[in-house]
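Below, each chain spelled out in residue letters.
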Amino acid sequence: MTVGSEKTHNMNDQRQVLVRAESRRVNVSDVDGGHETLSYPGVTLTRVSAGSPQDEVWLPMGDLPSEVDDEALIAALRDAFLWRTGVR
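Residues numbered from 1 in each chain as written. Predicted model: local features only at pLDDT ≥ 70, side-chain atom pairs only at ≥ 80, totals over all residues. Heavy atoms only, no water.

Asks: Mind showing me how you'd approach the sheet that holds strand S4 (residues 35–49) here?
Replies: Pairing between the strands of a sheet comes from backbone hydrogen bonds, and it takes one of two forms, parallel or antiparallel. The three strands are arranged S3-S4-S5 in an open sheet whose pairing can be described as antiparallel. Only two strands of the sheet have a single partner each, and these edge strands are strand S3 (15–29) and strand S5 (52–60). Neighbouring strand axes in the sheet, compared pairwise and without regard to direction, differ in orientation by 30 degrees on average. Here S3 runs beside S4; their pairing, made up of 15 bridges, is antiparallel. The residue bridging Val17 from the neighbouring strand is Arg47, located in S4. Of the strands in this sheet, S3, S4 and S5 touch helix H1 (residues 67–84), which is tilted by about 140 degrees from S3. (Pairing = 2+ DSSP bridges. Helix = DSSP H or I, 4+ residues; strand = E, 2+ residues; numbered from the N terminus. Axes fitted to C-alpha atoms, helices over the stretch in contact; angles between N-to-C directions. Contact = heavy atoms within 4.5 Å.)

Written out as structure tokens, the structure reads:
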């Protein structure tokens, strides 16, 4: 639909899903009272609406992913893309 020279945009035009591979770090105490930093690789899905982050999900991604890990990633991607299209 066009009004004058301005195009109207539906809500889907303002929704984005960003996918990033990134690691999360966790500091833990060891038995000697020192600290150790553990790093976990994963995928972050960020839902952005009109330029503002609305939701963020981080999913771990190991060297030997299980079927459960794969299914969790597939489900999260599906939900995010359905949100992007306005279905959810």
